[in-house]
Amino acid sequence: GRSTRRRRGPPQRRWCSFYLRMGDVKDFDLVPMIIGRQGRNTRKIADETGTKVRVRGKGSGHREVTTNEEAPTPLMLVVAAESDNSDGFYQAVGMANRLLRSMEARYRRHCAAKGVAPTSLPYALGPMSDSSYWELQRNLPGNELPQRICDEGELDMTSLRVQAS
């Protein structure tokens, strides 16, 4: 017969990364705005959903335990949950998306006030499988998801400018 042994090791986790491209304009302090005063924004998402919400990568200010340096990855907001917390995970991704949408609006206003062209894609979903992306869309009805980045090679920050209108 077929073995039904359980997989050993830590439980699988669900995660979603939002790549952040709004930190390129002087005086627009993106990371503190996302986190919120005393962690209010990210903590609210985490507390209401039972997930972990973290800002990581270049410009995050977070030093990795193993290297005592920022992770050598693009700046991102990461939502993670245990595999048995799918409802909380989808709720957290939706809340994070709404938070980032409001940050995008602030970013565009800031760029307009400074006379600077905003990046063409202020934030995007990080790389994920097609099935994971479709699962997010199916579980977040009415919550318009940002464009998805297929690989980190698409993250050339310098070429993502649009004309100021």
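So, here is what we can say about the structure in this document. (Residues numbered from 1 in each chain as written. Predicted model: local features only at pLDDT ≥ 70, side-chain atom pairs only at ≥ 80, totals over all residues. Heavy atoms only, no water.)

With respect to the pattern of salt bridges
Phase 1: In total, this model carries six salt bridges according to the counting rule given.
Phase 2: Between Glu82 and Arg13 there is a salt bridge; the shortest N-O distance is 3.6 Å. Here the residue Glu82 occupies a position in strand β3 (residues 76-82), and Arg13 occupies one in strand β1 (residues 13-20), the gap between them amounting to 69 residues.
Phase 3: Here Arg148 ties to Asp130 by a salt bridge, and the two come within 2.9 Å at their closest N and O atoms. Taken together, the residues Arg148 in the segment after α4 (130-139) and Asp130 in helix α4 connect sequence positions 18 residues apart.
Phase 4: For Asp130, a relative accessible area of 39% translates into the label partly exposed. (Salt bridge = Lys/Arg side-chain N within 4 Å of Asp/Glu carboxyl O. Helix = DSSP H or I, 4+ residues; strand = E, 2+ residues; numbered from the N terminus. Buried < 20%, exposed > 50% of the residue type's maximum accessible area, 1.4 Å probe, protein only.)

Remarks on the packing of aromatic side chains
Aromatic ring pairs are defined here through the distance separating the ring centres and the angle between the ring planes.
Phase 1: This structure, assessed with the given rule, holds three aromatic pairs.
Phase 2: A centroid spacing of 6.2 Å and a plane angle of 50 degrees characterise the contact between Phe18 and Tyr123, whose relative ring orientation is tilted. With Phe18 in strand β1 and Tyr123 in strand β4 (residues 123-125), this pair connects stretches of sequence that are 105 residues apart. Accessibility assignment for this pair places Phe18 and Tyr123 in one class, buried.
Phase 3: Ring centres of Phe89 and Tyr90 lie 5.4 Å apart, and the angle between their planes is 65 degrees; on these two criteria the pair is classed as edge-to-face.
Phase 4: Residue class for Phe89 comes out buried when judged on its relative accessible area of 4%.
Phase 5: The lysine or arginine in question, Arg148, covers the ring of Tyr133, its NZ or CZ lying 4.5 Å from the ring centre. (Phe/Tyr/Trp six-rings, centres within 6.5 Å; stacked < 30°, edge-to-face > 60°. Lys NZ or Arg CZ within 6 Å of the ring centre and 35° of its normal.)

Some words on the side chain of Asn97
Phase 1: Residue position: Asn97 is located in helix α3 (residues 86-114).
Phase 2: Residue Asn97 is classed as buried on the basis of its relative accessible area of 0%.
Phase 3: One polar contact links Asn97 to Tyr123, side chain to side chain, over a distance of 2.8 Å.
Phase 4: The residues contacting Asn97, other than those within four sequence positions of it, are Phe18, Tyr123, Asn143, Glu144, Leu145 and Pro146. (Polar contact = N/O pair within 3.5 Å; in protein donor to acceptor, adjacent residues only side chain to side chain. Contact = heavy atoms within 4.5 Å.)

A word on the packing of helix α2 (residues 40-49) against α3
Phase 1: Direction vectors running N to C along α2 and α3 enclose 160 degrees, while the axes themselves pass 9 Å from each other. Accordingly, the angle class assigned to the pair α2 and α3 is roughly antiparallel. Where α2 crosses over α3, the handedness of that crossing is right-handed. Residues Asn41, Lys44, Ile45, Glu48 and Thr49 of α2 pack against Gly88, Gln91, Ala92, Met95, Ala96 and Leu99 of α3.
Phase 2: Residue classes in the contact of α2 with α3 are distributed as five nonpolar, four polar and two charged. (Axes fitted to C-alpha atoms, helices over the stretch in contact; angles between N-to-C directions. Parallel < 35°, antiparallel > 145°, perpendicular 65-115°, else oblique. Left-handed = near helix turned anticlockwise from the far one by under 90°. Nonpolar A, V, L, I, M, F, W, Y, C, P; charged D, E, K, R; others polar.)

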